Amino acid sequence: MKRLLALLALVSSLVFALAVPRSDAGQPMSGGTLRYGMVTEVSSLDPHVYVGSSWKVLNAAFYDTLLAFNQDARLVPALAESWDTSDAKTYVLKLRKGVRFHGGEPFTARDVKYSLERVMDPKTGATLRENLLGTKVTVVDDFTIRLERPTPDATLLNVLAMPEVAILSSEWMKSDPNVKVKANGTGPFILKDYEPGVRAVAEKNPNYFRKGQPLLDRLEFRMIKNDDARVNALRTAAVDMIEFVPWKDIDNLKRQSGIRVEASGGAFMNLWINTKKKPLDDPRVRRALAFAVDREAISKAAFFGHGSPLYGPPTSPDSPYFNKDLANAFSYDPQKAKALLKEAGVPEGQELELLVFQGLGIYTSTAQIVQANLMQVGINARIKLVEWANVVESKNKGAYDFMVYGVNVKLPDPDVYAYYFGADSSYWASPIGFRDETIETLVKKGRALTDTDARKKVYAELERRVIEVSPWVFINWRDQAQAYRDSVQGYKQLGGALSESGPGIALPVMWIKR
Amino acid sequence: MLMFLCRRLTAAAIMVAIASTLVFFLIHLLPGDPILLLLGEQGASNPEVVGRLRQKLNLDAPLPTQYVRWVGRIVRGDLGESFQTGLPVAQEVARRIPRSLELIVAGLVFAVAVGIPLGILGARRPNALAGWLSSAIAVVGFSSPSFVTGILLIIGFSLWLPLLPSSGYVPPLENPVQHLRHAILPSLTIGTNFMGVVTRMTRASVMDVLVKDFVRTARAKGLSDRLATYRHALPNSLIPVIAILGVRAGNLLGGMVIIEALFDWPGLSSLLVRACFDRDYLMIQGALLAIFVIFVLFSLLVDLCQGLIDPQLRHA
């Protein structure tokens with residue numbers, strides 16, 4: 001009987017395996033609707049103000065950028081056909097002709113000038129304002145534009161390929177439309193209906209400049225903030241694809257037939273330390289924290305195994321700037337942590353307050369493990385749970401000891417270090433007045449260089465300094481997962497800085513198998 | 001009756017005014033700055049950017065001035081614009097009210113249709129199996145939290161038996177049938193809780209009334225047990241049931257957060273919660289004002305219903 005059962009099990013598992021072929025793309029078909037479940041309740045479509053990963057998907061559907069990344073993470077032409085620079089200071093871009101906005105206005109260099117200047121205008125509150133600031137934009141002729149940076153800047157082309165630097169119609173903007181609820185770009189889809197925070201419906205742009213794209217006729221975005229509701233919507237085929245699969249559900253969904261899950265590391269978790277507060281102003285204390293934290297336990301417990309410990313600087317292993325020598329700068333070593341704390345003269349039972357966002361399990365579980373880890377080395381961390389508005393305010397006032405913070409890699413360029421640790425960056429450093437001269441110098445040096453090998457040396461040095469100063473404790477890369485029904489084709493998950501952009505990049509080439 | 005209405009309406013208006021004033025000042029006491037949230041984690045700490053936006057949204061004036069401006073606009077029927085979307089608050093609130101009311105009313109209908117018969121059954125045969133069962137259903141109904149009932153319904157009717165959608169909202173004009181299908185599970189979740197309350201209240205109240213003198217008199221004059229219950233005891237025992245239903249239904253307008261999140265139903269509660277997290281002051285104020293007004297209208301309706309049933313209350 002037992003043998004029979006075993007045989008049955010074997011046969012059924014074989015049948016099961018045969019019934020679920022993995023990838024069988026076939027010929028792309030046009031037509032069909034993609035129903036997409038988003039995690040953020042996007043309440044503004046302003047193409048220059050980032051409000052979450054879901055916003056990036058919407059932005060890429062309606063707007064284009066001058067350059068773009070393709071599904072192989074390569075920089076490719078978009079609204080600009082070609083570009084040229086002799087000194088990384090002055091860039092001349094030739095624009096594509098015959099492109100029209102959704103409203104019918106022809107696309108010209110004036111739209112580029114308007115859009116870039118809008119990003120730099122403080123009234124806009126644009127996300128990449130500081131990356132473009134100081135750029136002089138000149139319209140050479142209708143289809144040629146010249147950009148002049150005050151100093152050589154190798155990062156500019158990458159910045160121009162980010163969805164946050166989308167091109168809008170200057171003609172349309174003259175009528176002062178509410179860009180938070182309307183969209184008029186050159187993108188592959190045209191916005192038809194939008195209820196802020198609830199849903200957005202878009203239809204194919206028949207005049208899209210990439211011939212044969214998009215393949216889909218219609219997009220229906222539903223904003224389903226509740227994790228279980230989002231997962232159930234996919235399970236019951238109420239949507240075809242969801243983003244931000246909750247970590248607890250990744251394995252469950254992988255086991256379900258007819259559903260595919262793709263994950264990649266795109267964001268990393270940290271302890272952000274207020275380097276002005278005693279005793280955290282001593283780098284030895286900060287390094288002690290880095291040795292005290294059990295990254296393996298956090299990745300297992302808080303991320304259900306879908307995180308990989310980060311013992312070095314936050315450069316993805318597939319990046320050309322990945323630095324093997326530093327990858328194991330830290331380890332889980334409470335003894336070493338204790339020794340460092342003793343050396344720095346931190347008394348046993350030192351109290352610290354750990355600020356934690358209450359809304360996500362990955363934050364609260366991480367905090368609990370950190371608390372237990374620190375207890376072992378004689379630090380008494382009190383967890384303070386707060387809502388997001390409070391996190392943002394405390395961060396911008398520098399009113400915290402240390403906090404758990406997840407960081408999405410903003411740019412596919414090691415210049416992100418300027419954004420993380422540069423003294424002028426309002427992201428983390430300027431509110432607490434952090435300034436490290438070595439980091440400042442190296443950031444400037446790296447930005448001015450165009451040769452990759454030369455840049456590698458500079459950024460390796462910069463990373464060494466970052467580890468030495470340890471302003472943040474890097475904990476782990478967290479997997480960002482998307483799940484979709486196997487009728488959905490043409491999607492490719494991207495990692496690192498493009499992890500949030502992946503769905504947006506895929507939209508024009510995605511199709512539904514019928 | 002007219003006097004009664006006038007008095008009630010005046011009291012209601014004063015209540016709404018006090019409540020919304022309190023709300024105005026209380027939400028400004030909350031830590032968290034709407035401007036910073038609006039600008040996202042990147043743009044938020046450039047003082048120049050923050051200052052300009054604060055000015056643009058009229059948040060730079062002292063609080064009392066802001067209050068006077070807000071009241072002035074309300075009097076003219078203008079609730080202002082959402083910080084987040086720039087859309088008129090009135091428009092956003094107005095589109096959500098029917099969605100919330102729809103679920104509440106459907107839930108109420110279910111609760112009354114099932115709960116009152118069950119309650120009467122329980123009252124008339126308290127010691128029989130049927131009576132015992134009715135109490136059991138009531139207790140389970142009102143004591144299971146809505147997220148439990150909701151999840152059980154989703155597991156049962158959309159994951160096991162794929163009969164109904166697990167969540168979502170389809171505008172009624174786009175597809176009326178789909179719209180109703182999506183409304184069933186959330187309405188049932190609300191209805192189950194209501195039903196428990198209705199059953200329990202009806203049972204207790206009918207039992208109370210059944211031993212009253214006037215019922216005994218009715219029986220004595222030869223009415224059947226059934227007639228005495230339905231014609232004499234039931235109307236009298238419904239008064240507390242209606243009262244409690246009115247209050248509960250009013251509460252639900254802003255208190256369906258869990259149900260709306262679970263079923264991804266874009267009602268008034270989720271709008272309010274999002275506005276709170278975003279510190280979208282005008283939206284919070286507008287949504288709460290709408291909730292206050294509807295709540296007061298509900299209790300007015302309850303009073304009227306009770307007045308219809310019990311003439312004594314009209315003159316009280």
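Everything quoted here is computed from the prediction, not taken from an experiment.

What counts and what doesn't
Residues numbered from 1 in each chain as written. Chains lettered and ligands numbered in written order. Predicted model: local features only at pLDDT ≥ 70, side-chain atom pairs only at ≥ 80, totals over all residues. Heavy atoms only, no water. Helix = DSSP H or I, 4+ residues; strand = E, 2+ residues; numbered from the N terminus. Rg over C-alpha atoms; globule rule 2.2 N^0.38 Å. Contact = heavy atoms within 4.5 Å. Areas by Shrake-Rupley, 256 points an atom, 1.4 Å probe, with all protein chains shown as cover. Lys, Arg positive; Asp, Glu negative; His and termini not counted. Charge placed at Lys NZ, Arg CZ, Asp CG, Glu CD. Buried area = accessible area lost by both parts, 1.4 Å probe. Salt bridge = Lys/Arg side-chain N within 4 Å of Asp/Glu carboxyl O. Buried < 20%, exposed > 50% of the residue type's maximum accessible area, 1.4 Å probe, protein only. Phe/Tyr/Trp six-rings, centres within 6.5 Å; stacked < 30°, edge-to-face > 60°. Lys NZ or Arg CZ within 6 Å of the ring centre and 35° of its normal.

Trainee: Please give an account of the overall build of chain A that cites residues and values.
Mentor: Of regular secondary structure, chain A possesses 18 helices and 19 strands. Relative to the 2.2 N^0.38 estimate, which gives 24 Å for 514 residues, the radius of gyration of chain A is 24 Å and therefore close to what a compact globule would have. Structurally, chain A occupies a C-alpha span of about 80 × 70 × 40 Å along its principal axes. When contacts within chain A are restricted to residue pairs at least 6 apart in sequence, long-range pairs at least 24 apart make up 69% of them. Of the roughly 20,200 Å² of accessible surface on chain A, a fraction of 51% belongs to carbon and sulfur atoms. Separation of charge centres in chain A, based on 67 positive and 60 negative side chains, amounts to 2 Å.

Trainee: For the interface of chain A and chain B, give the residues involved together with the corresponding values.
Mentor: Listed by partner, the interface residues are 43 residues for chain A and 40 residues for chain B. Both sides of the chain A and chain B interface together cover about 3,600 Å² of buried area, and 49% of this is carbon and sulfur. Where chain A packs against chain B, one counts seven salt bridges. Across the pair Glu387(A) and Arg279(B) runs a salt bridge, and its minimum N-O distance is 2.8 Å.

Trainee: Explain the pattern of salt bridges to me, using residue names and the numbers behind them.
Mentor: Residue and element names in this part refer to chain A. Inspection of the entire model under this criterion finds 40 salt bridges over all chains. Across the pair Asp121 and Lys123 runs a salt bridge, and its minimum N-O distance is 3.9 Å. With a shortest N-O distance of 2.6 Å, Asp436 and Arg465 are connected by a salt bridge. Linking Asp436 in the loop between α15 (429-432) and α16 (437-448) with Arg465 in helix α17 (residues 452-469), this pair joins segments that are 29 residues apart in sequence. We classify Asp436 as buried; its relative accessible area is 9%.

Trainee: Mind laying out the environment of Gly32(B), listing which residues take part and the relevant values?
Mentor: Looking at the secondary structure, you find Gly32(B) in the loop between α1 (2-29) and α2 (34-43). Spatially, the C-alpha atoms of Gly32(B) and Arg279(B) are 7.2 Å apart, while their sequence positions differ by 247 residues.

Trainee: Break down the packing of aromatic side chains for me, citing the residues and quoting the values.
Mentor: Residue and element names in this part refer to chain A. The full count for this structure, using the stated rule, is 37 aromatic pairs over all chains. Arranged with centres 5.4 Å apart and planes meeting at 70 degrees, the rings of Phe268 and Trp477 form a pair that is edge-to-face. Taken as a pair, Phe268 in strand β12 (residues 259-273) and Trp477 in strand β17 (residues 472-485) lie far apart in primary sequence, 209 residues in all. Taken as a pair, Phe268 and Trp477 share a single burial class, namely buried. Relative to Tyr405, the ring of Trp272 lies with its centre 3.9 Å away and its plane at 20 degrees, an arrangement referred to as stacked. Remark: Tyr405 occurs in strand β16 (residues 402-408) and Trp272 occurs in strand β12; sequence separation between them is 133 residues. Owing to a relative accessible area of 0%, Trp272 belongs among the buried residues under this scheme. Residue classification places Tyr405 among the buried residues on the basis of a relative accessible area of 1%. Above the ring of Tyr419, the side-chain terminus of Lys410 is found at 3.6 Å from the ring centroid.

Don't take any of this as a statement about function, it's just geometry.
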